[in-house]
Amino acid sequence: MIALEGGFADVPVEASRAFRAVLEAMARPGRIEAVTGAQAPGLSVAASVVALTLIDGTTPVFLAEDVDSPALRQWLAFHTGAPVVARGAAMFALGGWAALGPLGAYAQGTPEYPDRSATLIVEVQRLENAGAKLTGPGIEREAWLNLPEVEAFLANRAQFPLGVDFIFCAGDRLAGLPRSTRVEG
Amino acid sequence: MSLAGLRQGKPEHAGHGEAGEQPHEVAADIHFAAPFSKENAGMDESVPGGAYNFAYLDEETKRMIRRAILKGIAIPGYQVPFASREMPMPYGWGTGGVQVSAACLTPDDSFKVIDQGADDTTNAVSIRKFFERTAGVETTERTAEATVIQTRHRIPETPLTEGQILVYQVPIPEPLRFLEPRETETRRMHALEDYGLMHVKLYEDIARHGEIATAYAYPVKVEGRYVMDPSPIPKFDNPKMEMAAIQLFGAGREQRIYAIPPYTRVVSLDFEDHPFVAGKAPHDCALCGASDTYLDEIITDDAGSRMYVCSDTDHCATRQEAAA
Ligand SMILES: [Zn+2]
């Protein structure tokens, strides 16, 4: 695949639909949304779509070693212009759960500016409403999502309003987990 | 009788942050023509046949706003700074709300705009036209049919549902601004959850008036953490903020975006011995008979006769149609 391929055909319209899917997912933890329109080398459709929707030359990106490749770097450079950086300097991170850690290495925001924190775009095998129980903003009573673990999300929630936010991606589906969500195993 | 005509004379509310910055019902329309020239409208050549980009803003700006919205959702009630852009309308026209709407709208949306409850004011009509022309969205006056609703100073009476987004135009996003003018200080107070000044202010209200006199922009605490300005909605609307829809707030001149996810706890500040009361005029609507809506007082003739009607024109019209 050459770098030019795998981007949105109609950028403003496809990005608008993709953003709404991400917004619904992040605003309603446990909600699984489907997206379409992008394919980066070695990434899921969902992670590719999220990258094109949110990442650009103003947002440094960390690539975990399980997804990092010359082809992906070329694709990101062509479609987003985002500089690839180390975890601590990244506004976004891309990769599988094990390769992305440790979470503490990412920007967590500051007490005055908790928004200055990283968003992790996490590749997972599948997404389903089972496993961990979620409560908190965006959830009427409770929701369920198969998270890769529980401990890390407890620690992340414990430092609210600081912390990082997550977008889980599997195939063409995605789910959000903001720092505000309370996770139980 | 033309309700729209009568509304021209509606007095401005005196909620905090309103003074001198809310042009309402001004005679002029927004002038679109000049800002939409290729040179200055952030044109995207990829838009088929378009002379400006989808939803007016360029893609980089929309991405920046979208990132701010997502951080706002992740930290309910916290004000996220963003680089507000010049819009082809003055600040008092809701440029913050317009930018948030521009970042959210897709061609599939049905878009509604209300200005103090009414769909037919100059401001509301202009913003609706703006997105009809720049985003090709359908527009509607029906709350139940809208997927994105931009509002100035009201929450619709019809309960909002999942799948809807309510975008507020915000003049002054900082609830502590009139108690502490320094941004560094208000940031520190939010960081430390130090809201003592706000409670002192409300308590002074009680000491002076026997009750909390704040009727608009009544401060709320979101999910037990951030104190937030709900924009100059009447406090009557405060209890509606715990809703199924996504609420986004945009302040253009002040360059802040904040958010309340669905089903988030939103508590109006009060005291044990002076609990929050949403309040309501002791009348029913003269047009639809509703006893549970927010009412506008309208002068009906030169002699000063007055009547009370729903501020939410769609809600009132829908009830009248149902009764007819
Ligand atoms: Zn009525």
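Bear in mind that the values here come from a model prediction, so they are computed numbers and not experimental data.

What counts, and where the lines are drawn
Residues numbered from 1 in each chain as written. Chains lettered and ligands numbered in written order. Predicted model: local features only at pLDDT ≥ 70, side-chain atom pairs only at ≥ 80, totals over all residues. Heavy atoms only, no water. Helix = DSSP H or I, 4+ residues; strand = E, 2+ residues; numbered from the N terminus. Rg over C-alpha atoms; globule rule 2.2 N^0.38 Å. Buried < 20%, exposed > 50% of the residue type's maximum accessible area, 1.4 Å probe, protein only. Contact = heavy atoms within 4.5 Å. Lys, Arg positive; Asp, Glu negative; His and termini not counted. Charge placed at Lys NZ, Arg CZ, Asp CG, Glu CD. Phe/Tyr/Trp six-rings, centres within 6.5 Å; stacked < 30°, edge-to-face > 60°. Lys NZ or Arg CZ within 6 Å of the ring centre and 35° of its normal. Buried area = accessible area lost by both parts, 1.4 Å probe. Salt bridge = Lys/Arg side-chain N within 4 Å of Asp/Glu carboxyl O. Polar contact = N/O pair within 3.5 Å; in protein donor to acceptor, adjacent residues only side chain to side chain. Nonpolar A, V, L, I, M, F, W, Y, C, P; charged D, E, K, R; others polar. Pairing = 2+ DSSP bridges. Donors = N, O, S within 2.8 Å, 3.2 Å for Na, K, Ca; no water. Tetrahedral: all angles 85-135°; square planar, octahedral: opposite > 155°, others 65-115°. Axes fitted to C-alpha atoms, helices over the stretch in contact; angles between N-to-C directions. pLDDT = per-residue confidence, 0-100.

## Things to note about the overall build of chain A
And step 1. Looking only at helices and strands, chain A has 5 helices and 9 strands in total.
And step 2. Across chain A, helices and strands are ordered from the amino to the carboxyl terminus as α-β-α-β-α-β-α-β-β-β-α-β-β-β.
And step 3. In terms of overall dimensions, chain A is globule-like: its C-alpha atoms have a radius of gyration of 15 Å, near the 16 Å expected for 185 residues.
And step 4. Dimensions along the principal axes, computed over C-alpha positions, put chain A at roughly 45 × 30 × 30 Å.
And step 5. Evaluated residue by residue, chain A yields a buried proportion of 59% over its 185 residues.
And step 6. Counting only contacts in chain A whose residues sit at least 6 apart along the sequence, the fraction spanning at least 24 positions is 66%.
And step 7. Measuring between centres, the 14 positive side-chain charges of chain A sit 6 Å from its 20 negative side-chain charges.

## Re the packing of aromatic side chains
And step 1. Within this structure, the stated rule accounts for 15 aromatic pairs over all chains.
And step 2. When the centroid spacing of 4.8 Å and the interplanar angle of 65 degrees are considered together, the rings of B:Y218 and B:F276 count as edge-to-face. With a gap of 58 residues between them, B:Y218 in the loop between α6 (196–209) and β6 (220–222) and B:F276 in the loop between β10 (266–268) and β11 (295–299) connect regions that are remote in the sequence.
And step 3. One aromatic cluster is present, built from ring pairs that chain together A:W97, A:F153, A:F166 and A:F168.
And step 4. Taking the ring centre of A:Y113 as reference, the NZ or CZ of A:R116 above it sits at 3.7 Å.
And step 5. The ring of A:F160 has A:R157 lying over it, and the distance from NZ or CZ to the ring centre is 4.8 Å.

## Things to note about the interface of chain B and chain A
And step 1. Taken together, the 47 residues of chain B in the interface contact 43 residues of chain A.
And step 2. Summing both sides of the interface, chain B and chain A together bury roughly 3,500 Å²; the carbon and sulfur share of this comes to 61%.
And step 3. The largest contributions to the chain B side of the interface with chain A come from B:R67, B:L70 and B:K71, which together make up 18% of the buried area.
And step 4. In this structure, B:R63 engages A:D56 in a salt bridge whose closest nitrogen and oxygen atoms are separated by 2.8 Å.
And step 5. Linking chain B with chain A are 18 residue pairs in polar contact (both at pLDDT 80 or more), by the criterion used here.
And step 6. Secondary-structure elements contributing two or more residues to the side of chain B that touches chain A are α2 (59–74), β1 (80–81), α3 (95–104), α5 (183–192) and β8 (246–251) of chain B.
And step 7. The element best represented in the side of chain B that touches chain A is α2(B), accounting for 11 residues.
And step 8. Residue composition of the side of chain B that touches chain A, grouped by class: 26 nonpolar, 6 polar and 15 charged.

## Details of the pairing of strand β4 (residues 119–123) of chain A
Residue and element names in this part refer to chain A.
And step 1. Taking burial as the measure, the 5 residues of β4 include 5 buried ones, the bulk of the element.
And step 2. Because side chains alternate across β4, one face comprises the buried residues T119, I121 and E123, and the other comprises L120 and V122, equally buried.
And step 3. Pairing between strand β3 (residues 92–96) and β4: 5 bridges, direction parallel. Considered in β4, the bridge of G95 is made with V122.

## With respect to the coordination of the zinc ion
All names here are of chain B.
And step 1. For the zinc ion, every protein donor is listed as C285 (SG), C288 (SG), C310 (SG) and C316 (SG), and the spread of their distances is 2.2 to 2.3 Å.
And step 2. Around the zinc ion, the 4 donor atoms are arranged such that angles at the metal cover 103 to 117 degrees; this shape is classified as tetrahedral.
And step 3. For the zinc ion, all donor residues lie on one chain, and their spacing in sequence is C-x2-C-x21-C-x5-C. Here C316 lies in helix α7 (residues 313–323) and C285 lies in the loop between β10 and β11, a separation of 31 residues in the sequence.

## Regarding the sheet that holds strand β9 (residues 182–184) of chain A
Residue and element names in this part refer to chain A.
And step 1. The sheet built from 3 strands is open, its strands ordered β6-β5-β9 with antiparallel pairing. Of all strands in the sheet, those bounded by a partner on one side alone are β6 (143–145) and β9. Within the sheet, the average angular offset between the axes of one strand and its neighbour, ignoring direction, is 35 degrees.
And step 2. Where strand β5 (residues 132–135) meets β9, 3 bridges bridge the pair, whose relative direction is antiparallel. Bridge pairing in β9 places K133 opposite E184.

## Section: the pattern of salt bridges
And step 1. All chains considered together, the criterion is met by 36 salt bridges over all chains.
And step 2. When the shortest N-O distance is used, the salt bridge between A:R141 and A:E140 registers 4.0 Å.
And step 3. Residue B:K240 is joined to B:E157 by a salt bridge in which the shortest nitrogen-to-oxygen separation is 3.1 Å. Of this pair, B:K240 sits in the loop between β7 (226–228) and β8 while B:E157 is found in the loop between β4 (148–152) and β5 (165–169), placing the two residues 83 residues apart along the sequence.

## Quick word on the pairing of strand β12 (residues 306–310) of chain B
All names here are of chain B.
And step 1. Across 5 bridges, β11 lies against β12 in antiparallel orientation. Directly across from L295, in β12, lies its bridge partner C310.
And step 2. Between β11 and β12, which follow one another and run antiparallel, lie 6 residues, and G304 among them has a positive phi close to 90 degrees.

## Let's talk about the side chain of B:Q247
All names here are of chain B.
And step 1. Along the chain, Q247 turns up in strand β8.
And step 2. A distance of 2.6 Å separates a polar atom in the side chain of Q247 from the backbone oxygen of M241.
And step 3. Q247 has contacts with L166, Y168, M241, Y258, A259 and I260, leaving out every residue within four places of it along the chain.

## Quick look at the confidence of the model for chain B
The predicted coordinates ought not to be read in detail in places where the model reports low pLDDT.
And step 1. Model confidence for chain B is summarised by a mean pLDDT of 86, while 84% of its residues fall at 70 or above.
And step 2. If you check the scores for this complex, the pTM reads 0.91 and the ipTM reads 0.98.

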